[in-house]
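Residue-level structural notes
One-letter residues, chain by chain:
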Amino acid sequence: AKKNGFWGLIDVYGKTVIPFSNSKIIPEHGFYILVDDKAMGLIDVRGKEILPRVYSSISYDMQGFFKLIYNNKMAYFNPVTQKIFWKEERFSLPD
């Protein structure tokens, strides 16, 4: 829903699940990417913060991971294990 120019989410009972403070909310594979004019973050469907709003980019990569950009560095977030793997760690994604 949109209120005063900002996006938020309410449940079927009218309770605010995500505050109306976002320029955009992107639903993505059971999560929501929150976007404002400075950064992006990730929450679950209950509104619990999964990743703080500090990333310049968050996108889903179709292999089950979220690709993150922070301070011009790339990482992947595994929503199952709740772990972040930075590109500098030389990890490889499963096939």
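For the structure itself, consult the block above.
Now for a quick tour of the structure. (Residues numbered from 1 in each chain as written. Predicted model: local features only at pLDDT ≥ 70, side-chain atom pairs only at ≥ 80, totals over all residues. Heavy atoms only, no water.)

Describing unusual backbone geometry
For clarity, the threshold we go by: For helices the rule is a DSSP run of H or I covering at least 4 residues; for strands it is a run of E covering at least 2, with both sets numbered from the N terminus onward. We call a residue buried when its accessible area falls under 20% of the maximum for its residue type, exposed when it is over 50%, and partly exposed in between, using a 1.4 Å probe and counting protein chains only.
Located in the positive-phi region is His29, a residue other than glycine, with phi close to 50°. Take His29: it is sitting in the loop between strand S4 (24–28) and strand S5 (31–35). Exposure remark for His29: the relative accessible area of 47% places this residue in the partly exposed category. At Met62, a residue that is not glycine, the phi angle is positive and equals roughly 70°. With respect to the helices and strands, the residue Met62 is situated in the loop between strand S8 (57–60) and strand S9 (66–70). The exposure class of Met62 is exposed, given its relative accessible area of 66%.

Considering the sheet that holds S4
Rules: Any two strands with at least two DSSP bridges between them are considered paired. Only the stretch in contact is used when a helix axis is fitted, and all axes are lines through C-alpha atoms; the angle between N-to-C directions ranges over 0 to 180 degrees.
Pairing is antiparallel across the open sheet formed by four strands, whose spatial order is S4-S5-S6-S7. Two strands close off the open sheet at either side, each with one partner strand: S4 and strand S7 (49–55). Geometrically, the sheet is characterised by an average inter-axis angle of 20° between neighbouring strands, direction not taken into account. Pairing of S5 with strand S6 (residues 40–44), which is carried by five bridges, proceeds in the antiparallel orientation. For Phe31, the partnering residue across the bridge sits in S6 and is Asp44.

A short note on the packing of aromatic side chains
Convention followed: Pairs were defined over the aromatic rings of Phe, Tyr and Trp, the Trp ring being its six-membered one, requiring ring centres within 6.5 Å. Orientation was assigned from the angle between planes: stacked under 30 degrees, edge-to-face over 60, tilted for the rest. Charges are assigned to positions over rings by a cutoff of 6 Å between ring centre and Lys NZ or Arg CZ, combined with an angular limit of 35 degrees from the ring normal.
Scanning all chains against the criterion turns up five aromatic pairs. Centroid distance Phe31 to Phe66: 5.7 Å. Interplanar angle 85°. Geometry classified as edge-to-face. Within this pair, whereas Phe31 is found in strand S5, its partner Phe66 is found in strand S9, the two being separated by 35 residues in sequence. One aromatic cluster is present, formed by Phe31, Tyr60 and Phe66 through successive ring pairs. It is Lys3 that lies over the ring of Phe20; its NZ or CZ is 5.6 Å from the centre.

Remarks on the environment of Tyr70
To keep things clear, this is the line we draw: It only takes one pair of heavy atoms within 4.5 Å for two residues to be counted as in contact.
Residue position: Tyr70 is located in strand S9. Of the residues examined, Tyr70 reaches a relative accessible area of 33% and is grouped as partly exposed. In this structure the C-alpha to C-alpha distance between Tyr70 and Glu49, which are 21 residues apart in sequence, comes to 17 Å. Those residues in contact with Tyr70 that lie beyond four places of it in its chain are Val54, Tyr55, Ser56 and Trp86.

All we've got here are geometric facts, nothing functional implied.
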